[in-house]
Amino acid sequence: MTAEQHARLWAFVRGESDEISFERWFLAQDDLEVPLGGGLHWNLASADYRDRDVVWELRNSLAQRLEAHEKCKCASIPDLAAIPMGGDGLDERVFATIENVRDHGGDLWWLHLSKCSACGQHWMIAQEERIFDEYFLRRVSKETAKGILEHAWPDEFITYERVLKIGHTFATPCVFVDPMSGSLIWSAHDLQKARPEITVDEIARLLGVTPMNAKHLLQAKGG
Ligand SMILES: [Zn+2]
């Protein structure tokens with residue numbers, strides 16, 4: 001299997017490629033029957049790609065087949081992904097091979113560049129351990145990674161506000177037992193420091209608290 005075939009099959013598994021163009025591409029490949037096995041190959045070649053349930057099953061069986069040969073989780077992770085901290089241990093499996101290469105440092109405590117020791121893939125990672133307890137991962141090219149090593153960081157995770165907005169597209173913020181928890185106080189102050197004109201309502205939405213709570217957080221000593 002070529003690197004391009006591997007990449008296209010995984011993009012289909014991750015739901016990042018259009019079904020009909022995948023089908024067209026797949027039918028044009030003449031050397032995938034051996035690596036995929038006759039049964040799976042036949043299913044992929046003859047399936048009705050307009051049927052969502054069929055596509056869902058194809059993705060699952062193809063994922064199982066491909067995963068058996070992977071030394072790491074990189075190929076199965078979407079280009080932009082959220083990996084919960086703790087939970088079912090997915091983070092441990094993902095980070096078993098992904099190692100930190102460069103911290104952004106300074107006020108941007110969440111941001112770093114990592115590299116997988118098994119496949120060489122670079123990931124830009126926002127480690128958000130206050131509000132969501134998630135790692136947000138962006139797959140980055142070798143060129144982008146090289147830029148980061150020369151301090152040219154992409155914008156995507158460059159402010160805490162951006163990271164929290166991305167967080168909201170994946171999950172809901174953790175519910176805090178203590179409405180004046182340090183994590184909330186620090187985060188409210190960080191958001192205000194980075195963008196002084198941010199409103200209390202915006203901060204409340206980002207942190208998943210009431211506007212009244214957000215107001216109290218800003219009044220509390222923090223930062
Ligand atoms: Zn990898």
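Small disclaimer: the values here were computed from a predicted structure and weren't measured.

Topic: the pattern of salt bridges
Right, on to step 1. Applying the stated criterion across every chain yields a total of 13 salt bridges.
Right, on to step 2. Of the charged contacts in the structure, one is a salt bridge between R50 and D48, with a shortest N-O distance of 3.3 Å.
Right, on to step 3. Between K165 and E161 there is a salt bridge, and its shortest N-O distance comes to 3.4 Å. Taken together, the positions of K165 and E161, both in helix 8 (residues 160–170) and four residues apart, correspond to about one turn of that helix.
Right, on to step 4. Note on E161: relative accessible area 11%, which makes it buried.
Right, on to step 5. A cluster of three or more residues bridged by salt bridges with shared partners is formed by R14, E16, D79 and R139.

Here's the deal with the sheet that holds strand 4 (residues 122–128)
One key point about sheets: their strands pair by backbone hydrogen bonds, in either a parallel or an antiparallel sense.
Right, on to step 1. The strand order 1-5-4-3-2 describes an open sheet built from five strands, whose pairing is antiparallel. A single partner strand is all that each edge strand has here, and the edge strands are strand 1 (80–84) and strand 2 (98–105). Averaged over all adjacent pairs, the angle separating strand axes in this sheet is 30°, with direction ignored.
Right, on to step 2. Two strands pair when backbone bridges link them, and strand 4 and strand 5 (residues 134–140) are joined in this way by seven bridges, in the antiparallel orientation. Looking across to strand 5, one finds that A126 is bridged to F136.
Right, on to step 3. Relative to strand 3 (residues 108–116), helix 7 (residues 142–149) is tilted by about 135°, and along the sheet it contacts strand 2, strand 3, strand 4 and strand 5.

Scoring rules and cut-offs
Residues numbered from 1 in each chain as written. Predicted model: local features only at pLDDT ≥ 70, side-chain atom pairs only at ≥ 80, totals over all residues. Heavy atoms only, no water. Salt bridge = Lys/Arg side-chain N within 4 Å of Asp/Glu carboxyl O. Helix = DSSP H or I, 4+ residues; strand = E, 2+ residues; numbered from the N terminus. Buried < 20%, exposed > 50% of the residue type's maximum accessible area, 1.4 Å probe, protein only. Pairing = 2+ DSSP bridges. Axes fitted to C-alpha atoms, helices over the stretch in contact; angles between N-to-C directions. Contact = heavy atoms within 4.5 Å.

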